Amino acid sequence: MSVLDSKIPDGPLKDKWTNHKNKIDLVNPANKRNIDIIVVGTGLAGGSAAASLAEMGYNVKSFCYQDSPRRAHSIAAQGGINAAKNYQNDGDSVYRLFYDTVKGGDYRSREANVHRLAEVSGNIIDQCVAQGVPFGRDYGGLLDNRSFGGVLVSRTFYAKGQTGQQLLLGAYSALNRQIAKGKVTMYNRHEMVELVKVNGKARGIIARNLETGELERHSAHAVVIASGGYGNVFFLSTNAMGSNATAAWKIHKKGAHFANPCYTQIHPTCIPRSGEHQSKLTLMSESLRNDGRIWVPKNIDDVLAIREGTLSPTDLSEDQRDYYLERRYPAFGNLVPRDIASRAAKEICDAGYGVNSTGEAVYLDFSSAIQRYGKQEAAIARLQNPSESDILKLGEGVIESKYGNLFQMYEKIVAEDPYKKPMMIYPAVHYTMGGVWVDYNLMTSVEGCYCIGEANFSDHGANRLGASALMQGLADGYFVLPYTIGNYLSNEIRTGKISTEAAEFVAAEKEVSDRIEKLMNIKGTKSVDHFHKLLGKAMWEYVGMTRNEKGLKKAMAEIKKIRTDFWSDVKIPGDRNSLNRELEKAGRVADFLELGELFAKDALHRNESCGGHFREESVELDGLQKGEAKRNDTDYAYVAAWEYKGEPADAVMHKEELEFNDIELKQRSYK
Amino acid sequence: MDLTLKVWRQKNREEKGGLETYKVTGISEHASFLEMLDIMNEQLIKEGTEPVAFDYDCREGICGTCSLYINGEAHGPDRKVTTCQLHMRMFKDGETIYIEPWRSAAMPVIKDLIVDRSSFDRIQQSGGFVSVNTSGNTQDANALPIPKMNADLAFDAAACIGCGACVATCKNSSAMLFVAAKVSQFAYLPQGQVEAKQRVLNMVEQMDKEGFGNCTNTGACEVECPKSISIKYIAKMNREFLSASCSSES
């Protein structure tokens, strides 16, 4: 085990980034024209990085597996983006955003990176507005904010429930401008399937043209991976169906350490599964918990009657309901952080109180809020003795103005009216905080290979706060990487064009080609999805919301077995030289089958509960916090970065000790 | 539910396609339309037939990837939804369902139900942006107040997901609603004013070059648009185009 050099600049926290930027080597404009950069992925991080690097004068090649860069899954983010603008004059500051993010991450993120993130957060909003991103505004024409995710200030900027879409279209428009100028060459429907290293440096990739099946060699002076998270290792998640870890995993296998894979965020307010056919899960913004109350029936007989359809939840009186979050966490109630709300839902459903046919759903009820808002509106409208129906109508109007699009989405999927009958929700895998290890410059442990956005590990620790994923993606792509990459590229000005005829490119292409041939030749009996679902079940069962030693060991063995079966029994119809969705999926699932095992191994070694990682062996034993997560700062205040050694079970851990000089470590309490 | 599916199959861009018939049984009415197709494909794989290729990604109605023409309607019989949000409860047990790709010369079929929509990207590249560098040194975001009404109009236009249902459903294969949405978003915002004239001229020129038809105001696009984008934006674009054409110096 070695110690990793995170290259955090010296000096006081608040000056690190400024000082570092002032010392970064610059590349002269004439030389930038001779330097090529590959960017894989076109979400908020990749799209903004490609656009910014091209504006600076580099030649950029940008890759996405979708049919257009605009479709990357950043587009699905709903809630908003944080920025320390303090427009609401509620005492927000760079320091507070930094503090909230480190605390929210349960003290497992890198202080210097998070502070930098908070510092550039304001620039992001300025930049996006200049691009024409239509953020929500008030009647004075100024930008509006909402509060989000249990913090005490309103610092979240939003564009209705489509913030991710509007920000991504902003980055896409910046990218389009560079494509039109010829500074970015765009490769749609292309998937990176291998990293090419020459003399230890990242020098290019092998990409598969998904329409023709052709393998292509692309060279560059630096490679940037912005391929998003690995939530689909669970099969069912709120990620897009195509979201995958292949680019990140390929660089891992070529020497990039993979950090903290066990840190996964399970989001509490998703629409429950309706049956075995389920292909993905849909998230609804957690802003719903501001007005919704979560409950299940107190009596198990009522639960069964509801499942059979003989009883409606609206028939149950207040004392027949268990508002379990309000009962267990009187201080925060329904607004406890995501991980706690998710675990509580699982516990109550595991105890048999789930309210739908799969037994995996709890109610999120808006009737109290409708009453409360209705009465308030009636008073504002100066109605004397308003009738019950007047109050309902007025109250529903307020709820509609706040959450109309979410209610509509719910109604389309579940076919029930959430204004009249409580919503059903259940937790689902949403975001992965772990990812490729990077230093302060966002370079991985492979020289010249960078990793940004959700694909890296650095900013969210063990748990991510709401509205900070968009912030990190754009910070990395617009304002961090374009500067930090200069240090490396300033030494590349004499390199010249990199030939794709080099032996390393030929070998990498052959490696990929052989792998595809092997997959096609298995000619087994089961579809790719069959194995993916098995993997997902094992992950959810043993590596999901709560984890213990026995289960994790079992998961490792089981995943290995599924992997072996996959490589001997998968069936991929069609051929490799045309558009073949099954072949695409097979390549991605093959990588998930390795990643999943490393994920379980990481969860097994971390015998503490922190953020999204809950170990049953590490809980408070007595007092007010009995049964709650117990973090262990003495033994585990480090980043676990795993080095690939063949089998995932043989991965070797490298530690990056986390130092907290500006923040005092505290145990979370929401009681 | 038991269903008969008539599905468009086409090997690649060059070869001729045709409808094939498949049967699926025991489909839950709670399944989404694409989940029903997943089940059909799983069945085809078992039988050793190549599964039907169709486009999808987010499966929550926002990425704009899915694009099926179902029983003669873009995104199927439901309103204000994309194909991935369509559920089987909209169909009857025993029904025969026709599933085709988008049909437009400017969006050629790549394989089965997948079409090439890169024409949309090229239209955006011709002017769908504000020319501002990502330096982070722009003015403070609140230094530019925007009347809420204009901000809302811009937002409603910006809700376009670029799926192409408007083109698929138009008898002229017109992309006017798509182009108008982008032109209008910037036309309503002060940030878009500097390049407004050139933007609308360039985007319309590129639209014509791609082979999209013209608008005859039937309003079909507005009906099928999953994001309910109004054809009033087409009027806005026409106004912008006319004024730019009259006053443009080039």
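Because the structure is predicted, anything quoted here is derived from the model rather than measured.

Trainee: I keep staring at the overall build of chain B and nothing clicks. Help me out?
Mentor: Along chain B, the regular secondary structure elements total eight helices and seven strands. Across the 250 residues that make up chain B, the buried fraction comes to 62%. Counting only contacts in chain B whose residues sit at least 6 apart along the sequence, the fraction spanning at least 24 positions is 70%.

Trainee: What's the story with empty space enclosed by the protein in this structure? I'm lost.
Mentor: Rolling a probe over the atoms, with the probe sized like a water molecule, indicates the empty space that remains. Following the criterion strictly, the structure yields 11 cavities of 30 Å³ or more and no others. Around the second largest cavity, the lining comprises 39 residues; the ones closest to its centre are M241(A), R581(A), K585(A), R588(A) and Y56(B). Of all elements in the fold, only α15 (528–543) and α17 (581–605) of chain A together with α1 (33–47) of chain B reach the threshold of two or more residues within the lining of the second largest cavity. Counting residues per element, the lining of the second largest cavity draws most heavily on α17(A), at seven residues.

Trainee: I'm lost on the side chain of S527(A) in this one. Help?
Mentor: Within the secondary structure layout, S527(A) lies in the loop between α14 (503–522) and α15. For S527(A), a relative accessible area of 5% puts it in the buried group. Within the structure, the side chain of S527(A) is placed 2.5 Å from the side chain of E42(B), a separation counted as a polar contact. With near-sequence residues (within four places) excluded, S527(A) lies in contact with V570(A), K571(A), E42(B) and I45(B).

Trainee: Help me understand the pattern of salt bridges, please; the structure alone is not making it clear to me.
Mentor: Should the charged atoms of two oppositely charged side chains come close, the side chains can pair. Within the structure shown, the criterion is met by 76 salt bridges over all chains. A salt bridge links R321(A) to E318(A); the shortest N-O distance between them is 3.8 Å. Classification of R321(A) by relative accessible area gives buried; the value is 8%. One salt-bridge network, held together by shared partners, links D67(A), R71(A), R189(A), E191(A), R581(A), E584(A), R588(A), D55(B) and R117(B).

Trainee: For this particular structure, what's the right way to read the domain arrangement of chain B?
Mentor: Where the parts come together, the accessible area they lose is often given as the size of the interface. All names here are of chain B. Here chain B is described as being made up of domain 1 (3–111) and domain 2 (118–131 + 145–247). Put simply, the middle of domain 1 and the middle of domain 2, counted by C-alpha atoms, are 28 Å apart. Contacts between the two partners involve 19 residues from domain 1, matched on the other side by 20 residues from domain 2. Both faces combined, the contact of domain 1 with domain 2 buries some 1400 Å², and carbon together with sulfur accounts for 54% of it.

Trainee: It is not clear to me how the layout of surface pockets should be interpreted in this structure. Could you clarify?
Mentor: A volume near 1400 Å³ is recorded for the largest pocket. Lining the largest pocket are 50 residues; nearest its centre among them are K160(A), G161(A), Q162(A), G404(A) and N405(A). Elements represented by at least two residues in the lining of the largest pocket include exactly α12 (388–414) of chain A together with α3 (148–158) and α8 (232–247) of chain B. It is α12(A) that provides the largest number of residues to the lining of the largest pocket, a total of 10 residues. Class assignment for the residues of the lining of the largest pocket results in 18 nonpolar, 18 polar and 14 charged.

Trainee: Is there a simple way to think about the packing of helix α16 (residues 549–569) of chain A against α17(A) in this case?
Mentor: Each packed pair of helices is defined by two parameters, the angle between the axes and the distance between the axes. All names here are of chain A. Between α16 and α17, whose axes approach to 9 Å, the crossing angle comes to 160°. The orientation of α16 with respect to α17, classified from their angle, is roughly antiparallel. Crossing of α16 over α17 shows left-handed handedness. Every residue of α17 that contacts α16 at E549, L552, K553, A555, M556, I559, K560, I562, R563, F566 and W567 is listed here: A586, V589, A590, L593, E594, G596, E597, A600, K601, A603 and L604.

Trainee: Would you take a moment to explain the pairing of strand β12 (residues 293–297) of chain A for this structure?
Mentor: Residues in a regular strand point their side chains to alternate faces of the sheet. All names here are of chain A. Along β12, four of the five residues are buried, which leaves the element largely enclosed by surrounding structure. One ladder, built from three bridges, connects β12 with strand β14 (residues 362–365); its direction is antiparallel. The partner of W295 across the bridge, within β14, is Y363. Sheet topology places β12 next to strand β13 (residues 321–322); two bridges connect them, and they run antiparallel. In the sheet register, V296 faces β13, and the bridge partner there is D322.

Trainee: Looking at this structure, I do not really get the environment of Q206(B). What am I missing?
Mentor: Considering the arrangement of structural elements, one finds Q206(B) in helix α6 (residues 196–209). Residue classification places Q206(B) among the buried residues on the basis of a relative accessible area of 15%.

Trainee: I'm lost on the environment of Q88(A) in this one. Help?
Mentor: Residues and elements named next belong to chain A. Counting through the fold element by element, Q88 comes out in the loop between β3 (81–82) and α4 (94–104). With 450 residues separating them along the chain, Q88 and A538 place their C-alpha atoms 46 Å apart. When sequence neighbours within four positions are dropped, the list of residues in contact with Q88 reads L143, D144, N145 and S154.

Trainee: Is there a simple way to think about the sheet that holds strand β10 (residues 258–259) of chain A in this case?
Mentor: The strands making up a sheet associate through hydrogen bonds between their backbones, and the pairing can be parallel or antiparallel. All names here are of chain A. Taken in spatial order, the four strands of this open sheet run β16-β10-β18-β19, and their pairing is antiparallel. The open sheet has two edge strands, β16 (435–436) and β19 (652–657), and neither has a second partner. With two bridges connecting them, β10 and β16 associate as antiparallel partners. Bridged to F258 within β16 is V436. The strands that α17 touches are β10, β18 (638–643) and β19; relative to β18, the one it contacts most, it runs at about 145°.

Trainee: Teacher, can you tell me more about the interface of chain A and chain B here?
Mentor: Contact with chain A, which involves 75 residues of that partner, is made by 72 residues of chain B. Across the chain A to chain B interface the summed buried area is about 6200 Å²; carbon plus sulfur atoms make up 50%. The tally of links between chain A and chain B comes to eight salt bridges. In this structure, the salt-bridge partner of D55(B) is R189(A), at a minimum N-O distance of 2.9 Å. Run the count over chain A and chain B and you get 49 residue pairs in polar contact (both at pLDDT 80 or more). Counting only elements with at least two residues in the side of chain A that touches chain B, the list comes to α3 (44–56), α5 (111–131), α6 (163–181), α12, α13 (469–489) and α17 of chain A.

Trainee: Help me understand the packing of aromatic side chains, please; the structure alone is not making it clear to me.
Mentor: We describe a pair of aromatic rings using the distance from one ring centre to the other and the angle between the two ring planes. All names here are of chain A. In this structure the tally under the stated criterion is 29 aromatic pairs over all chains. Ring centres 6.3 Å apart and planes at 25° place the aromatic pair Y95 and Y99 in the stacked group. Linking Y95 with Y99, this pair stays in helix α4, spanning four residues, or about one helical turn. Both rings, one in Y230 and one in F599, keep their centres 6.0 Å apart while their planes meet at 90°; by these two values the pair is edge-to-face. Of this pair, Y230 sits in the loop between β9 (222–225) and α7 (246–253) while F599 sits in helix α17, and the two are 369 residues apart along the sequence. Across this residue pair, the class does not change: Y230 and F599 are buried.

Trainee: For this particular structure, what's the right way to read the sheet that holds β9(A)?
Mentor: Residue and element names in this part refer to chain A. As summarised here, the arrangement of the five strands in space is β5-β2-β1-β9-β17, forming an open sheet in which the pairing is parallel. Two strands close off the open sheet at either side, each with one partner strand: β5 (184–187) and β17 (449–451). Taking each pair of neighbouring strands and ignoring which way they run, the sheet shows an average axis angle of 20°. Its contacts with the sheet place α13 against β1 (36–40), β9 and β17, and it is angled at close to 150° to β9.

Trainee: Help me understand α6(A) in this model?
Mentor: In an α-helix, one turn spans 3.6 residues, which is why side chains three or four residues apart end up on the same side. Compared with the 27 Å implied by 1.5 Å per residue over 19 residues, the 28 Å span of α6(A) between its first and last C-alpha is a close match. Remark: G182(A) follows α6(A) within two positions and exhibits a positive phi of approximately 85°.

Trainee: Where do I start with the environment of M56(A) in this structure?
Mentor: Residues and elements named next belong to chain A. Mapping M56 onto the fold places it in helix α3. What makes M56 partly exposed here is its relative accessible area of 28%. Residues M56 and I294, spaced 238 residues apart in sequence, show a C-alpha to C-alpha distance of 50 Å. In this structure, M56 is in contact with K32 and P482, ignoring residues within four places of it in sequence.

Trainee: Looking at this structure, I do not really get the packing of helix α5 (residues 176–187) of chain B against α6(B). What am I missing?
Mentor: Residues and elements named next belong to chain B. Contact geometry of α5 with α6 gives a least axis separation of 10 Å together with a crossing angle of 165°. If you check the angle between α5 and α6, you find them roughly antiparallel. Crossing geometry of α5 relative to α6 is assigned as right-handed. Residue-level inspection shows M176, V179, K182, V183 and F186 of α5 in contact with α6, the latter providing R199, V200, M203 and M207. Along the lines of polarity and charge, the residues of the contact of α5 with α6 split into seven nonpolar, no polar and two charged.

Trainee: I keep staring at the nonpolar core and nothing clicks. Help me out?
Mentor: Soluble globular proteins: nonpolar side chains tend toward being buried together. Residue and element names in this part refer to chain A. Ranked by size, the top nonpolar core spans 207 residues in total, and within it I81 and F135 carry the most contacts. Look past the residues within four positions of I81 in its chain and what remains in contact with it is I124, I125, F135, R155, T156, F157, T163, L167, A467, L470, M471 and L474. W295, Y323, V414 and Y426 belong to the second largest nonpolar core, which has 42 residues in total.

About the criteria used
Residues numbered from 1 in each chain as written. Chains lettered and ligands numbered in written order. Predicted model: local features only at pLDDT ≥ 70, side-chain atom pairs only at ≥ 80, totals over all residues. Heavy atoms only, no water. Helix = DSSP H or I, 4+ residues; strand = E, 2+ residues; numbered from the N terminus. Buried < 20%, exposed > 50% of the residue type's maximum accessible area, 1.4 Å probe, protein only. Contact = heavy atoms within 4.5 Å. 1 Å grid on protein atoms, 1.4 Å probe; cavity = no way out; pocket = protein on both sides within 12 Å on 5 of 7 lines; lining within 4 Å. Points joined across faces, edges and corners; volume = space filled by probe spheres on them. Polar contact = N/O pair within 3.5 Å; in protein donor to acceptor, adjacent residues only side chain to side chain. Salt bridge = Lys/Arg side-chain N within 4 Å of Asp/Glu carboxyl O. Domains from an automatic or database assignment. Buried area = accessible area lost by both parts, 1.4 Å probe. Nonpolar A, V, L, I, M, F, W, Y, C, P; charged D, E, K, R; others polar. Axes fitted to C-alpha atoms, helices over the stretch in contact; angles between N-to-C directions. Parallel < 35°, antiparallel > 145°, perpendicular 65-115°, else oblique. Left-handed = near helix turned anticlockwise from the far one by under 90°. Pairing = 2+ DSSP bridges. Phe/Tyr/Trp six-rings, centres within 6.5 Å; stacked < 30°, edge-to-face > 60°. Expected span 1.5 Å × (residues − 1). Core = buried A, V, L, I, M, F, W, Y, C linked by side-chain atoms within 4.5 Å.

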